[in-house]
Amino acid sequence: FWDEWRKESDIPDFAKAVSKKVANEKKSRGIVICGSGAGVNIVANKINGIRCSVCFDVKQVSDGRQHDDLNVLALASNFIDEQTAQHLVKTFLETNSENGINKYETIPNASELLNDYYWRLVTQFIKPLLLQEGESFDNHNIHYRKHGKQ
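Read on for an overview of the structure.

Calculation rules
Residues numbered from 1 in each chain as written. Predicted model: local features only at pLDDT ≥ 70, side-chain atom pairs only at ≥ 80, totals over all residues. Heavy atoms only, no water. Helix = DSSP H or I, 4+ residues; strand = E, 2+ residues; numbered from the N terminus. Buried < 20%, exposed > 50% of the residue type's maximum accessible area, 1.4 Å probe, protein only. Contact = heavy atoms within 4.5 Å. Areas by Shrake-Rupley, 256 points an atom, 1.4 Å probe, with all protein chains shown as cover. Axes fitted to C-alpha atoms, helices over the stretch in contact; angles between N-to-C directions. Parallel < 35°, antiparallel > 145°, perpendicular 65-115°, else oblique. Left-handed = near helix turned anticlockwise from the far one by under 90°. Nonpolar A, V, L, I, M, F, W, Y, C, P; charged D, E, K, R; others polar. Salt bridge = Lys/Arg side-chain N within 4 Å of Asp/Glu carboxyl O. Phe/Tyr/Trp six-rings, centres within 6.5 Å; stacked < 30°, edge-to-face > 60°. Lys NZ or Arg CZ within 6 Å of the ring centre and 35° of its normal. Expected span 1.5 Å × (residues − 1). Arc of directions from axis to C-beta.

## Some details on the overall build of the protein
Reasoning step 1: Counting secondary structure elements, the protein contains six helices and five strands.
Reasoning step 2: Start at the N end of the protein and walk to the C end: the helices and strands fall as α-α-β-α-β-α-β-α-α-β-β.
Reasoning step 3: A total of 150 residues make up the protein; the buried ones form 32% of that total.
Reasoning step 4: Taking the intrachain contacts of the protein between residues at least 6 apart in sequence as the baseline, contacts between residues at least 24 apart amount to 51%.
Reasoning step 5: Total accessible area on the protein is roughly 10,400 Å²; 53% of this is exposed by carbon and sulfur atoms.

Pasting the structure below:
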């Protein structure tokens, strides 16, 4: 059934729809599924306010809910059986976050910190690998430019 359904559907669109719904309805939770769990996890975490993780055991789900306030659970259908999936979902739905507080909301400008980190990574390590003499790098939109032309 899974293989047939997967061919007929666009899993990233479902993951995006679930994640947007959860992001817009505080205190709600969502579950997304794909073969590895990685694809839906990536899509979900691109939505502002989503904290998604691929989980394989009950302790991982419980810790994620309690300590990280996971609001979307990604399941890897190729790596877990139906009984494990049921236990993971049950734990996800029944476990509350510690005091209902999302510790990441207390970090000011977390996305700016990440952007700054990635920008330094790109400019210090990746740029020298890509650019040759006479080429430049646009600091505003991280587009590769050669001799001032985009």
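There's plenty left to go through after this.
## A closer look at the packing of helix α4 (residues 58-68) against helix α5 (residues 82-94)
Reasoning step 1: In contact at an axis separation of 9 Å, α4 and α5 are set at 20° when each is read in the N-to-C sense. Classified by the interaxial angle, the pair formed by α4 and α5 is roughly parallel. Helix-helix and strand crossings are classified by hand; for α4 and α5 the assignment is right-handed. Where α4 abuts α5, its residues Val58, Val61, Ser62 and Arg65 lie against His87, Leu88, Thr91 and Phe92.
Reasoning step 2: Of the residues that constitute the contact of α4 with α5, the class distribution is four nonpolar, three polar and one charged.

## Examining the environment of leucine 70
Reasoning step 1: Here leucine 70 is to be found in the loop between α4 and β3 (72-76).
Reasoning step 2: Owing to a relative accessible area of 6%, leucine 70 belongs among the buried residues under this scheme.
Reasoning step 3: Distance from leucine 70 to asparagine 96, taken between C-alpha atoms, is 9.5 Å for residues 26 residues apart in sequence.
Reasoning step 4: If near-sequence neighbours (up to four positions away) are discounted, leucine 70 is found in contact with Arg51, Cys52, Ser53, Cys55, Gly64, Arg65 and Phe92.

## What to know about unusual backbone geometry
Reasoning step 1: Phi is positive for lysine 27, close to 75°, though the residue is something other than glycine.
Reasoning step 2: One non-glycine residue, aspartate 69, lies in positive phi territory at about 55°.
Reasoning step 3: You can see aspartate 69 is positioned in the loop between α4 and β3.

## Brief notes about the pattern of salt bridges
Reasoning step 1: Counted under the stated rule, the structure contains five salt bridges.
Reasoning step 2: Between glutamate 25 and lysine 21 there is a salt bridge, with the nearest N and O atoms lying 3.1 Å from each other.
Reasoning step 3: Classification of glutamate 25 as partly exposed rests on a relative accessible area of 37%.
Reasoning step 4: Between arginine 65 and aspartate 69 there is a salt bridge whose closest N-O contact spans 3.2 Å.

## Notes on the packing of aromatic side chains
Reasoning step 1: Evaluation of the coordinates by the stated rule reveals zero aromatic pairs.
Reasoning step 2: The ring of phenylalanine 92 has arginine 29 lying over it, and the distance from NZ or CZ to the ring centre is 5.9 Å.

## Observations concerning helix α2 (residues 11-24)
Reasoning step 1: Spanning 14 residues, α2 covers 20 Å between terminal C-alpha atoms, matching the ideal 20 Å at 1.5 Å per step.
Reasoning step 2: Taken residue by residue, α2 has Ile11, Ala15, Ser19, Val22 and Ala23 as its buried positions. Viewed end-on, α2 has its buried residues packed into an arc of 100°, placing them on one side of the element. When the buried face of α2 is taken as reference, the exposed residues oriented beyond 90 degrees from it are Lys21 and Asn24.

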